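Structural overview
Chain by chain, the residues run as shown.
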Amino acid sequence: MKNTSQLLRFITAGSVDDGKSTLIGRLLHDSKSIYEDQFLAISKTSEKRGMASVDLSLLTDGLQAEREQGITIDVAYRYFATPKRKFIIGDTPGHEQYTRNMVTAASTANLVIVLVDARRGVMVQTRRHTYLASLVGIPHIVLAVNKMDMVDYSEARYDEICAEYLAFAEQLGLHNITCVPLSALAGDMLVDRGENLNWYQGATLMELLENVEIDHDVNTTDFRYPVQWVCRPQTEDHHDFRGFMGRIEAGEVSVGDEITVLPSGRTSRVREIVTYDGNLQTAYAPQSITIRLTEEIDISRGDMFVKADYLPKVAKEFNAMLCWLSEMPLDKNRKYLVKHTTRTVKCLFASIDYRVNVNTLDQHPNSAVNMNDIVHVTIKVQQPLVVDNYDRNRASGSFIVIDEATNNTVAAGMIA
Amino acid sequence: MNSHIFTHLDTLESESIHIMREVASECKNPALLFSGGKDSIVMLRLAEKAFRPCKFPFPLVHIDTEHNFPEVIATRNKLAADLGERLIVRSLEDSIKRGTIVIANPNLPRNPYQSVTLLETIAEFGFDACMGGARRDEEKARAKERIFSFRDEFGQWDPKNQRPELWDIYNTRVHQGENIRVFPISNWTELDIWQYIGRENLHIPSIYFAHEREVIRRGASVIPVSDLVQPNSGEKVEVLSVRFRTVGDVTCTAPVESTASNVEQIIEETATTRITERGATRMDDQTSDASMELRKKEGYF
């Protein structure tokens, strides 16, 4: 079995003026994913607002509050499909609370479209978006040089912007970058090639989205299986059945494999891989399965099954990059909760080492942590967690921080 | 499964199973909202995949408007019985008798009042999490809702104050009296649902398939004639070949004209239709551009 990755999750990053909503509207419109009643609704609104043509950006306007104010306030998810793939767009507004919203949408994305305005080129925001994309580890980046119609479809201008961007991306260690020139307004090089960019030989934006290779976006080598739920039916048919239910977050597992249960370190062998559709010989990430073991050992939710070939760390203290999401600043004197895979433990921030200025990428020795701040911290946890570096494994390298007093999710963490 | 590739349906299915297992593990007293409609039938299959050979670690709950299509209620009862799972039914009629719902005319659409009975049922059983079959592609307000959607004591949703949801690490914590609505099929589209019904060979109520039905045309809508909906003077009853894309209150659920009589034909029609699911079929969502948002703020699931 092979993951043919028929589902691509992507986000767009850009300022309001970069034409982000128009780009999404255009992708939906030109791939015929807009329904007549939706189109009628935005046609009416465009007319009411005195616009000459239908404003496709209205398609991504969500809530009444936003429509009244003409802004978007949060992450919205859009869906469309072509015969090749199904797409989920995480749509984020391009202004206030940008960091928080982009990190949220980026956390599940395979790909980000970084939009720049061809007239303005690489801006401070472009660098910020790219840094955040690299922080959250979005595997693929497309630089979309938009508004080419405003620079007379100049190849030289496009080349200049791409060169500057690639040089910057190189500094961040980013490699999977593809550039594409386009005009979202005119529809050039999104779904159709158009007539105006004949000097460009590469793929259209839609072709890039349909064909980008994402099978290896998930770690396929290091088996990681956090136990979610223990199934003990205790019925006549299944009186001795004890199954460990979960989802394979990385790697694969076969019947007969020796597995280690962390943090206890006990070992056993896979006796059966059970699914509703029948038993499997081998299962792969991201399948949800049930594992039965040959030996009865004490296992509960929060434990992780791994294989001996690449072991994670069992840690009571670790470093992480943190994106603070809450309006209430981080309080170093308080204990918080960390939820990591299926385990939730109390934590303390042992040190706040530095804050990253997301515009300049400079590091500041600043100990106040406010909403939208990106900081490097050292975390101590009450019980050990089974962790990987986020770079190596997104699923076992990520966590959220919860404030017990409010029950709010106050931070997103990436283990470094 | 070894022989077939990991399709987008496999990805969505695994995600939904993962969500249901998180609910079962972390919530004290969850429930699964089940109406007998197509989305909740998909939810049942996902629950089977998530928990068998165990029993579901939650009951099925139906908030019954008693404005039903008989085929849907028959399917609801049969599926719950076949699975051997507990089905709790609470009716709007009970709330009306209690006086907590006051309606001028019993024949008018009842969807707006479902929230009342749902909240009463949550209080009666002390549910801290209710899983529902809503999807983000259905409607603009839903597109912004989290998979784990937090509600205050009044069951209200505050779209401006949602918890950030990162990766697939879900924050399930609530204070006493508050609860969460969980939408395991948030990322599915109408087309995915039909493809899954086809793939899993799920039994769904017959009214989803094309059939001859007496209808009346009112404005742009085609309305089914029933005990509750009779032609006004001057309205003509026609017999058309129709099917339902959504199933809700019988007085405000409109069918679409169709000859699709099996799942393959419905998939074909769904892939090429030019009208949204709710745009075509839910008269109550069309009263204003923000109807769903307002109802959700009031506690509608």
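Everything numeric in this text was worked out from a predicted model, so none of it was measured. (Residues numbered from 1 in each chain as written. Chains lettered and ligands numbered in written order. Predicted model: local features only at pLDDT ≥ 70, side-chain atom pairs only at ≥ 80, totals over all residues. Heavy atoms only, no water.)

**Points about the sheet that holds strand β2 (residues 76-81) of chain A**
All names here are of chain A. Taken in spatial order, the six strands of this open sheet run β2-β3-β1-β4-β5-β6, and their pairing is mixed. The sheet is open, and its two edges are formed by β2 and β6 (177-181), each paired on a single side. Shown here is a sheet whose adjacent strand axes are inclined to one another by a mean of 25°, direction ignored. Direction of pairing for strand β1 (residues 7-13) relative to strand β3 (residues 86-91): parallel, over a ladder of five bridges. By the bridge assignment for β3, F10 is matched with I89. Packed on one face of the sheet, helix α1 (residues 20-30) meets β1, β2, β3 and β4 (111-117) and runs near 150° to β1. Where helix α4 (residues 98-106) meets the sheet, it contacts β1, β2 and β3, and its direction lies at approximately 165° from that of β1. (Pairing = 2+ DSSP bridges. Helix = DSSP H or I, 4+ residues; strand = E, 2+ residues; numbered from the N terminus. Axes fitted to C-alpha atoms, helices over the stretch in contact; angles between N-to-C directions. Contact = heavy atoms within 4.5 Å.)

**Some points on the side chain of S14(B)**
Checked against the element boundaries, S14(B) lands in helix α1 (residues 8-26). Look at S14(B) and you get buried, because its relative accessible area is 3%. Beyond its immediate stretch of four places on either side in the chain, S14(B) contacts R247(A), P286(A), Q287(A) and S288(A). (Buried < 20%, exposed > 50% of the residue type's maximum accessible area, 1.4 Å probe, protein only.)

**Here's the deal with the nonpolar core**
Counting residues in hydrophobic clusters, the biggest one holds 136 residues, and the most contacted among them are F10(A), L205(A) and L32(B). No other element matches the eight residues that helix α2 (residues 38-51) of chain B contributes to this core. Leaving out residues up to four positions away in the same chain, F10(A) has contacts with L27(A), F80(A), F87(A), I88(A), I89(A), G90(A), A109(A), L111(A), I113(A) and L209(A). A320(A), W324(A), I379(A) and A411(A) belong to the second largest nonpolar core, which has 24 residues in total. (Core = buried A, V, L, I, M, F, W, Y, C linked by side-chain atoms within 4.5 Å.)

**Here's the deal with the pairing of β2(A)**
Residues and elements named next belong to chain A. Taken across its six residues, β2 has five buried, putting it largely inside the fold. Two elements, β2 and β3, share six bridges in a ladder whose sense is antiparallel. Along β3, the bridge assignment pairs Y77 with G90. Adjacent in sequence and paired antiparallel, β2 and β3 are bridged by four residues.

**Some details on the environment of H239(A)**
Residues and elements named next belong to chain A. Relative to the assigned elements, H239 resides in the loop between β7 (224-231) and β8 (243-247). You can call H239 exposed: its relative accessible area is 62%. Here E236 takes part through its backbone oxygen, which lies 3.5 Å from a polar atom of the side chain of H239. (Polar contact = N/O pair within 3.5 Å; in protein donor to acceptor, adjacent residues only side chain to side chain.)

**Brief notes about the packing of aromatic side chains**
Residues and elements named next belong to chain A. Tallying each qualifying case throughout the model produces 21 aromatic pairs over all chains. Seen in terms of ring centroids, F80 and F87 are 4.8 Å apart; in terms of plane orientation they differ by 20°. Their pairing is stacked. Exposure class is identical for F80 and F87. Each is buried. With a centroid separation of 5.7 Å and an interplanar angle of 65°, the aromatic rings of Y336 and F349 are classed as edge-to-face. With Y336 in strand β16 (residues 336-340) and F349 in strand β17 (residues 343-356), this residue pair connects regions lying 13 residues apart in the sequence. The buried category is assigned to Y336, whose relative accessible area is 1%. Residue class for F349 comes out buried when judged on its relative accessible area of 3%. Among the aromatic side chains, those forming a connected cluster through ring pairs are F223, Y225, F244 and F305. Lying across the ring of F168, R127 places its NZ or CZ 4.9 Å from the centre. (Phe/Tyr/Trp six-rings, centres within 6.5 Å; stacked < 30°, edge-to-face > 60°. Lys NZ or Arg CZ within 6 Å of the ring centre and 35° of its normal.)

**Topic: the pattern of salt bridges**
A complete count under the given rule lists 45 salt bridges over all chains for this structure. The partner of D117(A) in a salt bridge is K147(A), with the nearest N and O atoms 3.8 Å apart. Taken together, the positions of D117(A) in strand β4 and K147(A) in the loop between β5 (140-146) and α6 (155-171) put the pair 30 residues apart, joining distant regions of the chain. Using a relative accessible area of 2% as the deciding quantity, one classes D117(A) as buried. Judged by its relative accessible area of 19%, K147(A) is buried. The network of salt bridges with common partners includes D277(A), D10(B), E13(B), R45(B), E48(B), K49(B), R199(B) and E200(B). (Salt bridge = Lys/Arg side-chain N within 4 Å of Asp/Glu carboxyl O.)

Keep in mind that these numbers describe shape and distance, not what the molecule does.
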